[in-house]
Amino acid sequence: MTNPLEASQPESAWDPRTLLVAGGRPAHGVDAAVNHPVTFTSTFHSQGVAAPGEKVYARFSNPTWDPFEEVLGQLEEAQLPALVFSSGMAAIVAALALVPAGGVLVMPRHSYNGSLSLSRELADAGRLEIRLVDIADTGEVIAALDGAAALWVESPTNPMLEVADLPALLAEAKKRGILSIVDNTFATPLLQRPLSLGADVVVHSVTKYLSGHSDVILGAVVTSDEKLHATVHGYRTLHGAIASPMDVFLALRGVRTLSVRLERSHTNSQILAQRLSEHRNVSGVRYPGLPDDPGHERAERQLGGYNFGSVIAFQAGERAADADKVISRLKLITGATSLGGVETLAERRARHASEPESIPENLIRLSVGIEAVEDLWNDLSDALNRI
């Protein structure tokens, strides 16, 4: 008789929404745990010359990391497990360390604040040279690749939500032998899988959508290249950028609901973006799901055409003070940095001095959560009406 487990569909054939729930689980068996336990230890039994894959010490590896790294690697369609880090910034640092010394890094002029600040610091130290580009202008980006060592891509960008032509840019980078790194935090692997489009490396702030509850700080690097994987793993080990086992356990628990959270928050975002675009005290609304958004057609092709993410950028009133007043008057929506949690967060991004000067002073980045949309709109519209 055929063993039903042997005859079942292999993990590689699972829908990503199924993989989120079923991946990285302990083997089925009588009295087997449904979830992997949290392993709290600083070291492991080990004698003599360590065999390949032997854990030895908890700065090298931890059994609690394994299921999360397995699931994220599979979601990104990588040939290797992901590598989890102590924060999104730690993952970004490790990825930027792959850029050869003195090499030229092409990156979006509107990128995550931490990525830009770190790159500027490295440039000031002579570690690399930066070429900032409008990532939505494919011709400008390709022209900037002349003599470059690495291409850094965000799509959609943070906080301006510009959409890059990922297939074209990654193909050009590969043709020229240029290292390509994609920050996939905003899109998540449910909407966009850059490795399958030709990227060499993907980074995530796991703090955001993957964990999804604003309660852990984590990052991750994903690649299918064995040499790059070994280099990043070595960097994590030597620099000690390791994650707490409890935080990774919580992130794995959070990722189980990514699909339903993203569907709900996207539905809310589509409604709120449309209403914001019609409000008299709002201008410059950016959301790829709006038919008239500059990135809509490209996002429709690249993000699957059914979900455009859950971040909206809009300008409130005419001055920074107008945006600050809106956020101060919100009662349900929380005025705070970060994004990707179940709760809706709002922030005037230009309050950070390190943001690019091209970010409008009155621009609010809205990370839309899973609350009832009418409650969110009532809160937003009441605050906007009082400008």
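Just so you know, these numbers come straight off a predicted model, no measurement behind them.

J.: Mind showing me how you'd approach the pattern of salt bridges here?
T.: Two side chains with opposite charge may pair up if their charged atoms get near one another. Evaluated as defined, the whole model comprises 19 salt bridges. Between Glu172 and Arg176 there is a salt bridge whose closest N-O contact spans 2.8 Å. Separated by 4 residues within a single helix, Glu172 and Arg176 lie in helix 7 (residues 166–176), roughly one turn from each other. Sharing partners across several salt bridges, the network here consists of Glu347, Arg349, Arg351, Glu355 and Arg365.

J.: Looking at this model, I keep getting lost on unusual backbone geometry. Mind explaining?
T.: Negative phi characterises most residues that are not glycine, and trans characterises most peptide bonds. In this structure, Pro156 follows Ser155 across a cis peptide bond, with omega equal to -5 degrees. Mapped onto the fold, Pro156 is located in the loop between strand 4 (150–154) and helix 7. Of note in the backbone geometry, Thr188 takes a positive phi value of approximately 65 degrees without being a glycine. Looking at the element boundaries, Thr188 is found in helix 8 (residues 188–191). Even without being a glycine, Ser338 presents a positive backbone phi close to 85 degrees.

J.: I keep staring at helix 3 (residues 65–75) and nothing clicks. Help me out?
T.: Residues that lie three or four places apart on an α-helix share one face, since the helix turns once every 3.6 residues. Across the 11 residues that make up helix 3, a large majority, 8, are buried. Glu77, located one to two residues past helix 3, shows a positive phi value of around 60 degrees.

Criteria and cut-off values
Residues numbered from 1 in each chain as written. Predicted model: local features only at pLDDT ≥ 70, side-chain atom pairs only at ≥ 80, totals over all residues. Heavy atoms only, no water. Salt bridge = Lys/Arg side-chain N within 4 Å of Asp/Glu carboxyl O. Helix = DSSP H or I, 4+ residues; strand = E, 2+ residues; numbered from the N terminus. Buried < 20%, exposed > 50% of the residue type's maximum accessible area, 1.4 Å probe, protein only.

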